[in-house]
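Observations on chain architecture
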Amino acid sequence: MGNIGIFILIALMVVMGGASSLYILVTMPVIIAKKIYGKIKYGKSLYD
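Residues numbered from 1 in each chain as written. Predicted model: local features only at pLDDT ≥ 70, side-chain atom pairs only at ≥ 80, totals over all residues. Heavy atoms only, no water.

**What about the overall build of the chain?**
Looking only at helices and strands, the chain has one helix and zero strands in total. The dimensions of the chain, computed from C-alpha atoms along their principal axes, are 60 × 15 × 5 Å. For the chain, with 48 residues in total, the buried portion stands at 2%. (Helix = DSSP H or I, 4+ residues; strand = E, 2+ residues; numbered from the N terminus. Buried < 20%, exposed > 50% of the residue type's maximum accessible area, 1.4 Å probe, protein only.)

**Brief notes about the environment of threonine 27**
Counting through the fold element by element, threonine 27 comes out in helix 1 (residues 2-42). In this structure, the C-alpha to C-alpha distance between threonine 27 and aspartate 48, residues 21 residues apart in sequence, is 17 Å. Here tyrosine 23 takes part through its backbone oxygen, which lies 2.8 Å from a polar atom of the side chain of threonine 27. (Polar contact = N/O pair within 3.5 Å; in protein donor to acceptor, adjacent residues only side chain to side chain.)

**Comments concerning a nonpolar patch on the surface**
On the surface, a nonpolar cluster with roughly 1,000 Å² of combined accessible area is contributed by Tyr23, Ile24, Met28, Ile31, Ile32, Ile36, Ile40, Leu46 and Tyr47. Following the sequence through the fold, tyrosine 23 ends up in helix 1. (Patch = residues over 30% accessible without salt bridge, like charges linked within 9 Å, V, L, I, M, F, W, Y side chains within 5 Å. Areas by Shrake-Rupley, 256 points an atom, 1.4 Å probe, with all protein chains shown as cover. Salt bridge = Lys/Arg side-chain N within 4 Å of Asp/Glu carboxyl O.)

**Section: the environment of tyrosine 37**
Note on placement: tyrosine 37 falls in helix 1. Tyrosine 37 gets classed as partly exposed once you look at its relative accessible area, which sits at 48%. Between the alpha carbons of tyrosine 37 and threonine 27 there is a distance of 15 Å; along the sequence they are 10 residues apart.

In structure tokens, the structure reads:
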């Protein structure tokens, strides 16, 4: 029974780690694209 609990815990940690990595992988290019667009269109700073 102990092995099943550990297996479920490890599987949950893998899913959570994968979800956060996927979120970062998707959102970072979007944020960078928005900043570049704002710089080109409106002359905003890239650091705001």
